[in-house]
Structures are given as structure tokens and as C-alpha cells.
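A structural walkthrough
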Amino acid sequence: MNGIMEKVARATMQMDFNVDKKGDWDWGAGVALYGLRKVYETTGNQEIYNFIKTFIDANLAKSQKISYNINTTAPLLSVLLLYRETGEPHYLAFAEKFASWIMKEAPRLSNGALEHTVINDKFAGEMWVDTVFMAGVFLTELGQMLNNSAYIEEGLLQARLHIEFLQKEGDGLLYHGYSLAGNHHLSGCLWARGNSWVTISIPEIFATLIGYEKEKRWFFDRIHLQVEALAAVQKENGMWPTILSDASSYEETSATAGFVYGISKNVRLGYLDKKYLLCAEKGYEAVLRHITEEGTVLDVSAGTGIQNSIQEYNTIPRQSIMPWGQGITLLMLCQEAHETT
């Protein structure tokens, strides 16, 4: 591993993933593990693979305690890694059990979109942009692994529904959430990390997906609109503010890393004009300035539910280390490693 990637990976493996105190198996762990998974796939580092396997195995040993909700799908991306590497059927069985819950039992809105659910709570009638990553990426990867079109099509449907209802007409940015019952965008916030879930997820879904050309064109038209709008609100120093419509809101590192990753990967896959690489390059250098010598990614906002007002997003604390900040930054660093090899 190169120096900075190794430092961030080691800091990630040494941290407590349970920062929200809802249990080890949650979205934060899932995003951190996904970043580590990308490092393993990029470098072949066995220590990282062993860390992922130890974490997953320890949690599956007490799988009856795992909560089934949208956010807790995120660690399943690493379960799929272990099934691919080992062929051990219990990994696939657990992934399919969770997928069956999503397909048949997870709460839905009347339009078919998955209702956003978290540990010990659900948000009746609400769509959250986070779901594009939490469920969409998992379902489409599992579907490709098993050649199961039902999983792929459900993952694409969820990504499409969320983007359709959350993307702002006219400038391409996405709202944090939407209430179908109230027909409004809840807080009305164009929240940066929420936007980054989409920038990350669409190239993740289509990087290996064969066919689905009509769907691909639709999604990348939407990504183009989003990235065009992101370029317009990027700050001169390369960072993006946590409220994308408010340049005075604090700069947020996980969103910036996510935008860098997604933009760079979209360009590499040929889905986005190369002119946007300038945004990615500026953002990459900015994120590096927010990484300590020990590998901690700084200025990452804590877990952020939909707030009562746009300005309340400014009050979300930025603690010293967050698993999603570590994980998304690792995605960015791995993408840079691909670009330079």
C-alpha cells in the first residue's frame, strides 16, 4: 500500500465503528469496511482481508441479533466479498436472507420506494437519498453475482425512484429526503454527503453491469446534471460545503472525498466529460490536507438524520474520526491508485 492509504486503512482498523452506539453492525461499519474492501481489491493486502473477515465472522456468529433495516445493508457488501473469495455458502445464505427481507418485507411507500429505516426507528412515508447506496449497490452486486435479474432490477428501481423524487429541477443537486404523503422535501436541504452517495453509487452499480443500456443512459444523464451543479458550488480550496446551497456552511471532508471518487470513476468509465477531472483533482488535494499523520480523516460530520431546517445541518458536530469518513476517503485513495497505475 502507498503511505497515505496505509495510514488511513490502519487508523480505520484501529477505530471503534460503533460511534452511534447502535451496535457494531450498522451503516458506519459497512462504509468503513467497503473502503477497506476496496483497498484489499487494489493491493491484495492480506491483513486487511483478515480484518474484514474477522469482523464479519464475529457478527454472523450472533446474526440473530442483527437488525434488518436499510442502513444495516451496508456491511453486506463485505459479506459478498467473503463469499466471492471463499465460496463458503453461509455468506451467500445470509446475504440472500437479507435481500429477501428487502424484496418482500421492508416497508415501502406507495410509489414502490423503500422507506428509510434505521436501528430502532423508521421514518414513515419518507425517502432518504442514503438508500441509493445502502440498498441499491448491494442488490445490484448480489444480482450480478447470482445472475439474478430480480435483484438487479430492484436495485436499479430504488436508485431511479430516489433520484427522480430527490433531484432538484433545474440544477441537478439532490435533496436529503422527500415525504410522499406531504409532497415536499422535508428539510429542503441539498446536503453534501447525501449527494455524494449518488455520485459514488451510480458508477459502482454500472462498472460491471452488462446490458441495461437504456437505464445506463438515464442514470448518467442525471449524474451529468449533478456533477455540473457540483462544479459550480465547489470552493476555491477544493472542498464542498455541507449545505451545497450555502457556501458559508462548514466544509465537509467525507462528501468531498465522495465527490472526488465518483467524478473520477465516472470519467474513467467514460460516462463523464474529462473537463470535470479538474474538480476531482482540486478535491483530492483538499482531502489530503484533512488527513492527519496518523491516518485520521478530519472534519467529517457525525451521523446526520433529516433536520428540521436547513440551518440545523450547520450544527452537526465534526468529531475526530468517523467510520464513514475513513471509508469514503479510502474509496477516493483507491481510485487515485487506479488512475496512477
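Here we summarise the structure given alongside this text. (Residues numbered from 1 in each chain as written. Predicted model: local features only at pLDDT ≥ 70, side-chain atom pairs only at ≥ 80, totals over all residues. Heavy atoms only, no water.)

With that settled, consider the overall build of the protein. Along its length, the protein carries 12 helices and six strands. Relative to the compact-globule value of 20 Å for 341 residues, the protein shows a C-alpha radius of gyration of 18 Å, a close match. Counting only C-alpha atoms, the protein reaches 50 × 50 × 40 Å along its principal axes. A separation of at least 24 residues holds for 70% of the contacts in the protein among residues at least 6 apart in sequence. Total accessible area computed for the protein in this model is approximately 13000 Å², and 48% of it derives from carbon and sulfur atoms. (Helix = DSSP H or I, 4+ residues; strand = E, 2+ residues; numbered from the N terminus. Rg over C-alpha atoms; globule rule 2.2 N^0.38 Å. Contact = heavy atoms within 4.5 Å. Areas by Shrake-Rupley, 256 points an atom, 1.4 Å probe, with all protein chains shown as cover.)

As a further point, take the pattern of salt bridges. Any two side chains of opposite charge can pair, given that their charged atoms come close. The final tally for this structure, using the stated rule, is 18 salt bridges. Residue Arg-193 pairs with Glu-252 through a salt bridge whose shortest N-O separation is 3.4 Å. Linking Arg-193 in helix H8 (residues 192-206) with Glu-252 in the loop between helix H9 (213-233) and helix H10 (253-268), this pair joins segments that are 59 residues apart in sequence. We note that Arg-193, like Glu-252, is buried. Between Lys-235 and Glu-251 there is a salt bridge; the shortest N-O distance is 3.3 Å. A residue pair is termed long-range when its members are at least 10 positions apart, and Lys-235 in the loop between H9 and H10 and Glu-251 in the loop between H9 and H10 qualify at 16 residues. Judged by its relative accessible area of 23%, Lys-235 falls in the partly exposed class. (Salt bridge = Lys/Arg side-chain N within 4 Å of Asp/Glu carboxyl O. Buried < 20%, exposed > 50% of the residue type's maximum accessible area, 1.4 Å probe, protein only.)

Within the secondary structure layout, Thr-242 lies in the loop between H9 and H10. On the basis of relative accessibility, which here comes to 1%, the residue Thr-242 falls in the buried class.

Moving on: unusual backbone geometry. Despite not being glycine, Lys-21 shows a phi value in the positive range, around 60 degrees. As for its placement among the helices and strands, Lys-21 is situated in the loop between helix H1 (3-14) and helix H2 (27-43). Even without glycine at this site, Asn-183 takes up a positive phi of about 55 degrees. In this fold, Asn-183 is placed in the loop between strand E4 (177-179) and H8.

Here Ala-192 lies in helix H8. Sequence spacing of Ala-192 and Thr-208 is 16 residues, and the spatial spacing of their C-alpha atoms is 26 Å. Residues in contact with Ala-192, not counting those within four places in the same chain, are Pro-241, Thr-242, Leu-244, Ala-255 and Phe-259.

The biggest cluster of nonpolar side chains holds 111 residues, and the ones touching the most others in it are Ile-56, Phe-133, Phe-138, Ile-202 and Ile-263. At nine residues, the largest contribution of residues to this core is made by H2. If we skip the residues at most four places from it in the chain, Ile-263 touches Thr-199, Val-227, Trp-240, Leu-272, Tyr-276, Cys-279 and Ala-280. One finds Cys-189, Trp-191, Ile-243 and Tyr-313 within the second-largest nonpolar core, a separate group that totals six residues. (Core = buried A, V, L, I, M, F, W, Y, C linked by side-chain atoms within 4.5 Å.)

This next bit is on H1. Given a rise of 1.5 Å per residue, 12 residues ought to cover 16 Å, and the 17 Å separating the end C-alpha atoms of H1 matches this to within 8%. Inspection of H1 places Met-5, Val-8, Ala-9, Ala-11, Thr-12 and Met-13 among the buried residues, and these make up the whole buried set. (Expected span 1.5 Å × (residues − 1).)

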